[in-house]
Amino acid sequence: MLETKEIFGRSESKTKKLGTKGCSYIGKNVSYPGGEYEEMGKAYLDIVSPHCMLIVGKRGTGKSYTLGVIAEGFARLKEKYSNNLSLVLIDTMSVFHSLKKENTNESEIELMDNFDIEPKSWKEDVKILVPEAAIKKARQNGEELHFDEILKIALSRVEVHEWLELFDLEITSSTGTLLSRVITELKKKGNFSFEDIYRRISDEGEVEESTKNSLKTLFEMIQKLDIFSKAGMDETMVEGGKITVLDISHLGRLGDYELRSLIVSIFAREQMAKRTLYTTVEMQAQAGLGEKEGVESITEEYPIVYMLIDEAHLFLPSEGTTLSTEPLLDWIKLGRHPGLSLIMATQEPSALHASAIKQSDMIIAHNMTAKGDLDALKLAKQSYMKEGLDEVVADMEFKRGLAMIFDDKRRELQMCRIRPRHTLHTGVDASALPPEERF
Ligand SMILES: Nc1ncnc2c1ncn2[C@@H]1O[C@H](COP(=O)(O)OP(=O)(O)OP(=O)(O)O)[C@@H](O)[C@H]1O
Ligand SMILES: [Mg+2]
């Protein structure tokens with residue numbers, strides 16, 4: 001019998017033309033003929049066009065796991081597709097390092113036959129960036145962290161308004177005004193160091209010493225965090241065919257500054273500017289206004305970007321704002337054209353900005369039982385809600401990886417069992433049991 005294939009996130013006409021080209025294999029379709037659970041045919045996800053997707057579900061239901069499955073889909077793509085794509089994983093729990101390790105979990109390996117896959121890893125395609133503070137801390141405890149590059153940001157990449165928000169300063173305050181003047185001047189000359197900042201503050205004429213000192217103290221605290229430097233890192237976060245894991249799990253609210261949001265903000269903002277520029281150049285070339293050769297060389301430099309964010313409510317909350325709120329909303333609202341895609345995972349859809357839910361073209365929902373969260377989804381995707389949701393929700397309790405998929409392209413609710421990972425998932429719950437007694 002010919003195996004059926006469902007492709008999520010792709011229109012019927014495009015599916016007819018392309019089949020599963022440029023798709024990530026995510027699992028099996030599930031249906032309930034005669035009320036009985038049945039897995040039938042393979043499920044795929046389009047990952048070569050722009051999307052805004054959400055993965056939701058309560059604690060421990062497989063959200064991070066599914067993000068890993070989708071990331072593996074990028075690694076599995078043929079080079080002619082993957083070279084035009086770059087994947088950046090915002091890792092808030094250090095769970096994506098193990099994309100470099102093949103799966104050794106016995107119970108997951110047992111499931112693999114059914115899904116037609118085997119353990120595999122992509123060492124060369126995955127790049128792990130870790131902040132220096134985490135590496136130093138591990139060394140103090142006699143441990144060595146594995147990483148490919150130290151995460152360092154050039155000071156010149158931070159905008160005045162981001163410093164102001166990070167330090168919780170008003171632009172109209174004396175310290176805020178001084179900061180704005182100093183950084184604006186320094187940015188004109190390109191890269192600059194912390195010493196350049198201190199020198200420039202000291203050189204300011206008509207400013208009270210106490211104001212100068214308080215601004216210096218703020219930058220001294222930032223300097224100690226080892227995240228910023230004059231030149232930053234050589235590595236670009238975006239590279240065609242590569243998966244970059246940006247491990248910001250160790251930053252947290254270091255020294256009371258919301259550094260995680262700042263890093264996401266800088267990345268999202270810069271990519272928006274770069275991809276918009278590229279798209280303009282490309283359109284000019286198509287209109288016969290530009291140099292064709294130029295466009296071809298830029299394509300390699302500016303691949304289409306997918307950003308995967310775990311615990312997305314931290315960066316784009318429903319109430320209040322963070323430094324990354326505006327840049328991420330820009331991706332959500334304007335990202336289609338320049339080719340900027342977001343895949344966000346969250347435990348609580350109601351804690352995530354309403355635009356992320358409304359604008360998402362696909363929602364993958366793992367076990368959802370909280371009324372507020374189901375209501376948040378229903379509100380956004382009312383038109384696909386079906387009868388019999390209760391039995392589906394009940395099955396989700398005991399079948400790992402079972403998910404409801406709301407797909408705007410198909411305008412209906414589909415069930416899917418997400419496949420096991422090729423690579424190891426390290427986000428397992430902490431346990432006091434010895435390893436041989438865990439399952
Ligand atoms: N598709 C799947 N196939 C097999 N096992 C799975 C699958 N999805 C999840 N699991 C199992 O469920 C566990 C929990 O998954 P995961 O860490 O992704 O949860 P989570 O939703 O991200 O939780 P949290 O909200 O606490 O971060 C995993 O350790 C894994 O063992
Ligand atoms: Mg998780």
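Read on for an overview of the structure. Given the structure is predicted, the values throughout are model-derived calculations rather than measurements.

Right, let's get into the overall build of the protein chain. Helix and strand counts for the protein chain stand at 15 helices and 15 strands. A burial count over the protein chain gives 40% of its 439 residues as buried. When contacts within the protein chain are restricted to residue pairs at least 6 apart in sequence, those whose partners lie at least 24 apart make up 73%.

What follows concerns the site of ligand 1. Inspection of the region around ligand 1 gives 17 residues, with Gly 62, Lys 63, Ser 64, Tyr 65 and Gly 401 positioned closest. For the shell around ligand 1, the element with the most residues is helix H2 (residues 63-76), which contributes 3 residues. Here the residues of the shell around ligand 1 are counted per class, giving 4 nonpolar, 9 polar and 4 charged.

Our focus in this paragraph is the packing of helix H7 (residues 174-188) against helix H8 (residues 194-203). The relative placement of two packed helices comes down to the angle between their axes together with the axis-to-axis distance. At a closest axis distance of 10 Å, the pairing of H7 and H8 adopts a crossing angle of 125 degrees. Considered as vectors, H7 and H8 are oriented oblique to each other. Every pair of crossing elements has a handedness; the one defined by H7 and H8 is right-handed. Taking contact as the criterion, the partners of Leu 178, Val 182, Glu 185 and Leu 186 in H7 are, on H8, Asp 196, Ile 197, Arg 200 and Ile 201.

What follows concerns helix H10 (residues 259-286). Given a rise of 1.5 Å per residue, 28 residues ought to cover 40 Å, and the 40 Å separating the end C-alpha atoms of H10 matches this to within 8%. Gly 288 sits one or two positions beyond H10 and adopts a positive phi of about 75 degrees.

This paragraph deals with the nonpolar core. Residues Ala 71, Val 88, Leu 89 and Leu 308 are the most contacted members of the largest nonpolar core, which totals 100 residues. Here this core gathers at least three residues from each of two domains, domain 1 (5-152 + 233-429) and domain 2 (154-228). Not counting residues within four places of it along the chain, the set of residues in contact with Leu 89 comprises Ala 71, Phe 96, Ile 243, Thr 244, Val 245, Leu 246 and Leu 308.

Orientation of H7 relative to helix H9 (residues 209-224), taken along the N-to-C sense of each, is 65 degrees, at an axis distance of 9 Å. Here H7 is positioned roughly perpendicular relative to H9, judged by the angle of their axes. As H7 packs across H9, the resulting crossing turns out to be right-handed. Between H7 and H9, the contacting residues are Ser 174, Thr 175, Leu 178 and Leu 179 on the first element and Thr 211, Ser 214 and Leu 215 on the second. A breakdown of the residues in the contact of H7 with H9 according to their chemical character gives 3 nonpolar, 4 polar and no charged.

Now for the pairing of strand S2 (residues 23-31). One ladder, built from 8 bridges, connects S2 with strand S3 (residues 38-46); its direction is antiparallel. Looking across to S3, one finds that Ser 31 is bridged to Glu 38. The hairpin formed by S2 and S3 contains 6 residues between the paired strands, and Gly 34 there has a positive phi angle of roughly 60 degrees. Judged from the 4 bridges that link them, S2 and strand S15 (residues 412-418) form a sheet pairing that is antiparallel. Along S15, the bridge assignment pairs Asn 29 with Cys 416.

Attention now goes to the environment of Asn 29. By secondary structure assignment, the location of Asn 29 is in strand S2. We classify Asn 29 as partly exposed; it has 19 C-beta atoms within 10 Å. Note: C-alpha distance between Asn 29 and Arg 417 (388 residues apart in sequence) is 6.4 Å.

What counts as what
Residues numbered from 1 in each chain as written. Chains lettered and ligands numbered in written order. Predicted model: local features only at pLDDT ≥ 70, side-chain atom pairs only at ≥ 80, totals over all residues. Helix = DSSP H or I, 4+ residues; strand = E, 2+ residues; numbered from the N terminus. Buried ≥ 20, exposed ≤ 12 C-beta atoms within 10 Å, placed from the backbone. Contact = placed C-beta atoms within 7 Å. Near = placed C-beta within 6 Å. Nonpolar A, V, L, I, M, F, W, Y, C, P; charged D, E, K, R; others polar. Axes fitted to C-alpha atoms, helices over the stretch in contact; angles between N-to-C directions. Parallel < 35°, antiparallel > 145°, perpendicular 65-115°, else oblique. Left-handed = near helix turned anticlockwise from the far one by under 90°. Expected span 1.5 Å × (residues − 1). Core = buried A, V, L, I, M, F, W, Y, C linked by C-beta atoms within 7 Å. Domains from an automatic or database assignment. Pairing = 2+ DSSP bridges.

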